Amino acid sequence: GCLLGNKAWGRLVGGAGVALGLLAVMMLCPAPMEGVSAEEATIKASVTVQPVLGLTVGSDNYVVNVTPTETGEFSSRTATVEVTTNNETGYSLYLATENQQATLANAEGTAEIAPVSGEVTATGFGANTWGYNLGKEAVSEVTMYQAVPTQNGEPAGGSEVPVEGDEYNLTFGAFVNTELPGGAYSNRVVVSAVVNPGYVPTLSAIDNMQEMTTEICQASTENETKQLTDTRDGKKYWVTKLKDGNCWMTQNLDFDIPASGLTSADSDINNASGVWNTSSSYPPRTTEQPGTITSANTNTETYSWDLGMYVKSDPDGYSDHCGSSSIKGLADASCTSAGWTNVSSMTPMEDGNATDVISGSTYNAHYLVGNLYQWNAATAGTGGTITSQEATDSICPKGWQLPTSNNSNSGSFQALMNAYSISSDSAGSTAITQTPLYFNPSGRVASGSLWYAGLTGDYWSSTAYSSTSSAYYLYFDSGVVNSSRSNIRYSGQSVRCLASQ
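**Observations concerning the packing of aromatic side chains**
Part 1 of the argument: Going through the model one piece at a time under the given rule, you end up with 14 aromatic pairs.
Part 2 of the argument: Centre to centre, the rings of Tyr-459 and Phe-476 are 6.3 Å apart; their planes meet at 15 degrees, and the pair counts as stacked. Of this pair, Tyr-459 sits in strand E27 (residues 457-464) while Phe-476 sits in strand E28 (residues 470-476); the two residues are 17 residues apart in sequence, bridging distant segments of the chain.
Part 3 of the argument: Between Tyr-473 and Tyr-475, the ring centres sit 6.2 Å apart and the planes meet at 80 degrees, which makes this aromatic pair edge-to-face.
Part 4 of the argument: Residue Tyr-473 is classed as buried on the basis of its relative accessible area of 1%.
Part 5 of the argument: Among the aromatic residues, those joined into a ring-pair cluster are Trp-248, Phe-413, Phe-439, Tyr-459 and Phe-476.
Part 6 of the argument: Above the plane of the ring of Tyr-168 lies Lys-136, whose end atom (NZ or CZ) is 5.1 Å from the centre.
Part 7 of the argument: When the ring centre of Tyr-475 is taken as origin, the NZ or CZ atom of Arg-485, which lies over that ring, is 4.0 Å away.

**Remarks on empty space enclosed by the protein**
Part 1 of the argument: Under the counting rule described, the total for this entry stands at 1 cavity of 30 Å³ or more.
Part 2 of the argument: Estimates place the volume of the largest cavity at around 30 Å³.
Part 3 of the argument: For the largest cavity, the full set of lining residues is Thr-294, Ala-296, Asn-297, Trp-305, Gln-374, Val-445, Ala-446, Ser-447, Gly-448 and Tyr-490.
Part 4 of the argument: In the lining of the largest cavity, the residues fall into 5 nonpolar, 5 polar and no charged.

**Digging into the layout of surface pockets**
Part 1 of the argument: The space that makes up the largest pocket amounts to roughly 940 Å³.
Part 2 of the argument: Around the largest pocket, the lining is made up of 33 residues, and of these Tyr-62, Val-63, Tyr-185, Ser-186 and Asn-187 lie nearest the centre.
Part 3 of the argument: Breaking the lining of the largest pocket down by element, the ones donating at least two residues are strand E10 (163-176), strand E11 (185-186) and strand E12 (189-195).
Part 4 of the argument: With 5 residues, E10 is the single largest residue contributor to the lining of the largest pocket.

**Brief notes about unusual backbone geometry**
Part 1 of the argument: Along the chain, Thr-435 connects to Pro-436 via a cis peptide bond; the corresponding omega equals 5 degrees.
Part 2 of the argument: At Gln-100, a position not held by glycine, the phi torsion is positive, near 60 degrees.
Part 3 of the argument: Mapping Gln-100 onto the fold places it in the loop between strand E5 (91-97) and strand E6 (104-106).
Part 4 of the argument: We classify Gln-100 as exposed; its relative accessible area is 52%.

**A look at the sheet that holds strand E29 (residues 481-488)**
Part 1 of the argument: Across the sheet, which stays open at both edges, the 3 strands sit in the order E27-E28-E29 with antiparallel pairing between neighbours. Pairing within the sheet leaves two strands with one partner each, and these edge strands are E27 and E29. Averaged over all pairs of adjacent strands, the angle between strand axes in this sheet comes to 35 degrees, irrespective of strand direction.
Part 2 of the argument: Where E28 meets E29, 6 bridges bridge the pair, whose relative direction is antiparallel. Bridged to Phe-476 within E29 is Val-481.

**Some details on the nonpolar core**
Part 1 of the argument: With 36 residues, the main nonpolar core has Met-212, Leu-253, Tyr-373, Ile-395 and Trp-400 as its most contacted residues.
Part 2 of the argument: Setting aside its immediate chain neighbours within four residues, Met-212 contacts Leu-203, Ile-206, Cys-217, Cys-247, Gly-399, Trp-400 and Ala-499.
Part 3 of the argument: In terms of nonpolar packing, the next biggest core, distinct from the first, is built from 23 residues, Tyr-132, Val-148, Tyr-168 and Phe-172 among them.

**Here's the deal with the pattern of salt bridges**
Part 1 of the argument: One pass over the full model with this rule turns up 8 salt bridges.
Part 2 of the argument: Residues Lys-226 and Asp-207 are paired through a salt bridge, measuring 3.5 Å at the closest nitrogen-oxygen approach. Linking Lys-226 in strand E13 (residues 225-229) with Asp-207 in the loop between E12 and helix H1 (214-219), this pair joins segments that are 19 residues apart in sequence.
Part 3 of the argument: By relative accessible area, which is 48% here, Asp-207 ends up partly exposed.
Part 4 of the argument: Linking Asp-314 and Lys-312 is a salt bridge whose minimum nitrogen-to-oxygen distance equals 2.8 Å.
Part 5 of the argument: Look at Lys-312 and you get buried, because its relative accessible area is 0%.

**Digging into the state of the cysteines**
Part 1 of the argument: Enumeration over the complete set of coordinates arrives at 3 disulfides.
Part 2 of the argument: Note that Cys-217 is cross-linked by a disulfide to Cys-247, the S-S spacing being 2.5 Å. Looking along the S-S bond of the Cys-217-Cys-247 disulfide, the torsion reads about 110 degrees, which is the right-handed sense. Separated by 30 residues along the polypeptide, Cys-217 in helix H1 and Cys-247 in strand E15 (residues 247-249) bring together distant segments of the chain. When sorted by exposure, Cys-217 lands in the same class as Cys-247, which is buried.

**Some remarks on the sheet that holds E11**
Part 1 of the argument: Taken together, the 7 strands give an open sheet; going across it, the order is E3-E4-E10-E8-E7-E6-E11, and neighbouring strands pair in mixed fashion. Edge positions in the sheet fall to strand E3 (53-57) and E11, since each of these pairs with one other strand and no more.
Part 2 of the argument: Bridging between strand E4 (residues 73-85) and E10 involves 12 bridges; their strand directions are antiparallel. Residue pairing for E10: Glu-82 is matched across the bridge by Glu-167.

**Re the pairing of strand E8 (residues 129-135)**
Part 1 of the argument: Taking burial as the measure, the 7 residues of E8 include 7 buried ones, the bulk of the element.
Part 2 of the argument: Of the two faces of E8, the one lined by Thr-129, Gly-131, Asn-133 and Gly-135 and the one lined by Trp-130, Tyr-132 and Leu-134 are each fully buried.
Part 3 of the argument: With 2 bridges connecting them, strand E7 (residues 112-115) and E8 associate as parallel partners. Bridged to Pro-115 within E8 is Trp-130.
Part 4 of the argument: Here E8 pairs with E10 via 7 bridges, running antiparallel. Along E10, the bridge assignment pairs Trp-130 with Ala-174.

The rules behind the values
- Residues numbered from 1 in each chain as written.
- Predicted model: local features only at pLDDT ≥ 70, side-chain atom pairs only at ≥ 80, totals over all residues.
- Heavy atoms only, no water.
- Phe/Tyr/Trp six-rings, centres within 6.5 Å; stacked < 30°, edge-to-face > 60°.
- Helix = DSSP H or I, 4+ residues; strand = E, 2+ residues; numbered from the N terminus.
- Buried < 20%, exposed > 50% of the residue type's maximum accessible area, 1.4 Å probe, protein only.
- Lys NZ or Arg CZ within 6 Å of the ring centre and 35° of its normal.
- 1 Å grid on protein atoms, 1.4 Å probe; cavity = no way out; pocket = protein on both sides within 12 Å on 5 of 7 lines; lining within 4 Å.
- Points joined across faces, edges and corners; volume = space filled by probe spheres on them.
- Nonpolar A, V, L, I, M, F, W, Y, C, P; charged D, E, K, R; others polar.
- Pairing = 2+ DSSP bridges.
- Axes fitted to C-alpha atoms, helices over the stretch in contact; angles between N-to-C directions.
- Core = buried A, V, L, I, M, F, W, Y, C linked by side-chain atoms within 4.5 Å.
- Contact = heavy atoms within 4.5 Å.
- Salt bridge = Lys/Arg side-chain N within 4 Å of Asp/Glu carboxyl O.
- Disulfide = S-S within 2.5 Å.

Below, the structure written as structure tokens:
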């Protein structure tokens, strides 16, 4: 048993409407006795603090008194503007006339004071003009004035970090002569402060596949690359923002489907129940381990096969390949002689863009063979018998999805090929295996055996063919690249996931 004590404290921050609480837990546990097990659980604690903003102007009515002369007289009046915000990206300050007119008009509407032209000091005002200055420096003879905008455009001030009492001098100046009729000339100026949009990280700032969002992908730059962890099993994947504008896995999915199935908490599951398990219409089968390829020639089955930690030393060396009715995995002698190497005892290269696939005791993880999946397994049971439409779910991590096929829309294999000018001939067959795409000719599983490992690349899309027995996929070999080929759904093929922008 354990001695447990806890102490809780909290306080409410007035005005911000934010409640903060911490719970400190102390556990005194003796070492477990023989035959007694110990368990641990980790809970993520988080506090959300909403941004707040305060704006204060010294007065709502600032009068500039001018006694005009024949040659003209300048006068000004300064107001104090103060801004406070806890927003992590700060605020922007705007000025604009309320009536969208740039002039000051008298009460009768018979005369007006025009805005200054450009930026001028007090000595540069034209006759019967007015302007403003907003700054943090004291007003002097070098202070520059300009016309008050008629609508919000570029910010007149602001900060990119939280501030406490950020203070400005807002000065209105006018230069008038005796040609102007006496009286009060006015307009209303709206001063507004707006919190800046929240910080959106790029993929370089996240660590897990499941942290990816559309906003993060949009904020990332082309060729930005990071190795992210799939929280479902701890495996790492290279991810890159590619030229088509989407974020792609640039190595094959290697996820073993568990008997417990998948949930929407960490997988691309979108049905009402949020699960894909044994109670679903198409229960998942546990991924078979290396060397145990089962014959499964049923189009609605959900088999998948783990081929182990293998890379091919020459991904574009299509003449080196293996696969036949007798091969159950890449450990077969014909596969190792074709360049397939078990890298389970090697270390991944730090540089994901290394030229060599295998160098000494290191390997390029972009080229890991990954798992092969039947189409109904790749689509998390939503492929089934649908035709001419997209499967709604997949075995991709949450925030990711299967590419589409048979079109050139964003998020399709064809759009990706177009972005890199990947041709449909032998030149394209070489280019598709190179940086930054790293597609792998991993072959496929059919009728209980591994076929064409090193000779063909076969990648499932989410798109169903017009027949219930087939689905579209990306296919390539030594002389062909085809982004919308169809194949039987019980074929075991590779998977790449993407996060759409």
